[in-house]
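Inside the fold
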Amino acid sequence: MFKKIVILTGAGISAESGIPVFRSETGLWEQERVEDVATYEGFARNARKVHDFYNKMRKSIRTKEPNPAHLALTRLQSEYAQKFAADVTIVTQNIDDLHEKAGSKDVIHMHGELNSILCEHCLGRYEYHDDSSSDTECSLCGHKALRPDIVWFGEMPYQMELIEKKLFDCDLFISIGTSGVVYPAAGFCSVAKSTGAYCVEFNLEKSAVASNFTRGIYGKASVTVPAFVDELIKTGTFSEE
Ligand code: BV8
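Overview of the structure. (Residues numbered from 1 in each chain as written. Predicted model: local features only at pLDDT ≥ 70, side-chain atom pairs only at ≥ 80, totals over all residues. Heavy atoms only, no water.)

1. What about the overall build of the protein chain?
Under the convention used in this document: The helix count covers DSSP runs of H or I at least four residues long, the strand count covers runs of E at least two residues long, and both are numbered beginning at the N terminus. We compute the radius of gyration from the C-alpha atoms alone; for a globule the expected value is 2.2 Å times N to the 0.38, where N is the number of residues. Type-normalised accessible area, obtained with a 1.4 Å probe on protein chains alone, sets the label of each residue: buried when under 20%, exposed when over 50%, and partly exposed for intermediate values. We call two residues contacting when some pair of their heavy atoms lies within 4.5 Å. Here the Shrake-Rupley method, with its probe set to 1.4 Å, supplies the accessible areas, and only the displayed protein chains count as covering residues. Residues scored as charged are limited to Lys and Arg (positive) and Asp and Glu (negative), so that His and the chain ends carry no count. Charged side chains are reduced to one point each, which is NZ for Lys, CZ for Arg, CG for Asp and CD for Glu.
The helix and strand inventory of the protein chain stands at ten helices and nine strands. Rg of the C-alpha trace for the protein chain: 18 Å, near the compact-globule value of 18 Å for 241 residues, within the 12% margin. Each principal axis of the C-alpha atoms in the protein chain carries an extent, and together these give about 55 × 35 × 35 Å. Within the protein chain, the proportion of its 241 residues that are buried is 53%. The contacts of the protein chain with a sequence gap of at least 6 include a subset with a gap of at least 24, amounting to 64%. Element-wise, carbon and sulfur atoms account for 53% of the exposed surface of the protein chain, whose accessible area totals about 11,400 Å². Averaging the positions of the 26 positive and the 34 negative side-chain charges in the protein chain gives two centres separated by 2 Å.

2. Examining the site of the ligand
For clarity, the threshold we go by: Residue proximity to a molecule or strand is established when one non-hydrogen atom of the residue lies within 4 Å of it. Two N or O atoms count as a polar contact when they lie within 3.5 Å, although within protein this holds only if one can serve as hydrogen donor and the other as acceptor, and sequence-adjacent residues are included solely when both atoms are side-chain atoms. Under the scheme applied here, ten amino acids are nonpolar (Ala, Val, Leu, Ile, Met, Phe, Trp, Tyr, Cys and Pro), four are charged (Asp, Glu, Lys and Arg), and all others, including Gly, are polar.
In the neighbourhood of the ligand, 33 residues make up the surrounding shell, with Arg23, Gly154, Thr178, Ser179 and Asn203 lying closest. Separating a nitrogen atom of the ligand from a backbone N or O atom of Val151 is a distance of 2.8 Å. Take Asn203: an N or O atom from its side chain is 2.6 Å from an oxygen atom of the ligand. When the free accessible area of the ligand is taken as 1,500 Å², the share hidden by the protein chains comes to 74%. Those elements that provide at least two residues to the shell around the ligand are α1 (12–15) and α5 (47–61). When the residues that make up the shell around the ligand are grouped by side-chain class, the tally is 18 nonpolar, ten polar and five charged.

3. Here we look at the pairing of strand β7 (residues 172–176)
Let me state the cut-off plainly: Here a strand pair is declared whenever DSSP counts at least two bridges between the two strands. If the strands point away from the viewer and the path from the first strand over the helix to the second runs clockwise, then the crossover is right-handed.
For β7, a buried count of five out of five residues is recorded, marking the element as mostly surrounded by other parts of the structure. Taking every second residue as pointing to the same face, both faces of β7 are buried, with Leu172, Ile174 and Ile176 on one and Phe173 and Ser175 on the other. Relative to β7, strand β1 (residues 4–9) runs parallel, the two sharing five bridges. Paired with Leu8 across the bridge in β7 is Ser175. Here five bridges tie β7 to strand β8 (residues 198–203), and the two strands are oriented parallel to one another. Of the residues in β8, the one forming a bridge with Leu172 is Tyr198. On the question of chirality, the crossover connecting β7 to the parallel β8 by way of helix α9 (residues 188–194) is right-handed.

4. A short note on the environment of His129
Position of His129 among the secondary structure elements: in the loop between β5 (125–127) and β6 (146–150). By relative accessible area, His129 is classed as partly exposed at 37%. Measuring from C-alpha to C-alpha, the distance between His129 and Ala208 comes to 34 Å, with 79 residues separating the pair along the chain. When near neighbours in sequence (up to four residues on either side) are disregarded, His129 contacts Arg58, Arg62 and Asn115. Only 2.6 Å separates the side chain of His129 from the side chain of Glu127, close enough to count as a polar contact.

5. So, the nonpolar core
For clarity, the threshold we go by: Residues belong to a common nonpolar core when they are buried Ala, Val, Leu, Ile, Met, Phe, Trp, Tyr or Cys residues joined through side-chain atoms within 4.5 Å.
Ranked by size, the top nonpolar core spans 29 residues in total, and within it Ile7, Leu76, Tyr80, Leu172, Ile174, Ile176 and Val225 carry the most contacts. Apart from residues no more than four positions distant in its own chain, Leu172 is found in contact with Phe2, Lys4, Ile5, Val6, Ala197, Tyr198, Val200, Leu232 and Phe238.

Here it is, written out as structure tokens:
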């Protein structure tokens, strides 16, 4: 039975809830250039474009609901954790709030969150659900220096020390719906494996780092993840295929 589980999620876990992934024919990065909307340089060049890009996304997630994959992780964090006195941590690259809507607790948003805003003047951050612009006043310091609370390329992801500690300590590492292209998240499996964790990836197809995993389970996350979690809750382990 597993006592310390770390789960990394990516855009693929939210795809069946209607939130577009990044890298696909209809993906987010097909409509906008990464360098224009997901780098600090892009923000410095055209803040309005970047504010509007995230304003649109922030509005769009209001109506989105968690799917069975998110709900299964909430059961893993509650039922499994209680039954087997285990620690279950969810680290997400996603900036939506579907894990929270599913009832998951203490989710680590390593790439930030749409429902948070960051002030470049006082460095304060707070819950935020409206549109932002360069004219929006910070409610903490009054300065007009707000930016989306999102980690862009070239910026340090949040809570890396805590994440690394969890990875070194875990005995089961689960990755769900990520292409394994973006670092440091794409390197998490190797860190967990280096200290003996069993590593499973859930995806539609092999990710760029599939070879690092002990096992891959391929199919839609809304089907494969609940089945896996149900077996874990029932038996404390899972059948090796
Ligand atoms: C950093 C915010 C250092 C915006 C994002 C060269 C080599 C290695 C690394 C680098 C390099 N050059 C630069 C780097 C570093 C860079 C990086 O990794 N670049 C890559 C592209 C090469 N990384 C960074 O810059 C990171 N920071 O390294 O800082 C540092 C050190 C000290 C001091 C300062 C700095 C910051 C990375 C974060 C960037 N921000 N997003 C936004 O979210 O809008 S990244 C963006 O991609 C998202 O956050 C997203 O989470 C992330 C990964 O995407 P995925 O979640 O995997 O989504 P994707 O669409 O790619 O894939 C979806 C998957 O789901 C697919 O596999 C698909 O098959 C699957 N799927 C689809 N449907 C389903 C499904 N699976 C199951 N069921 C389904 N139904």
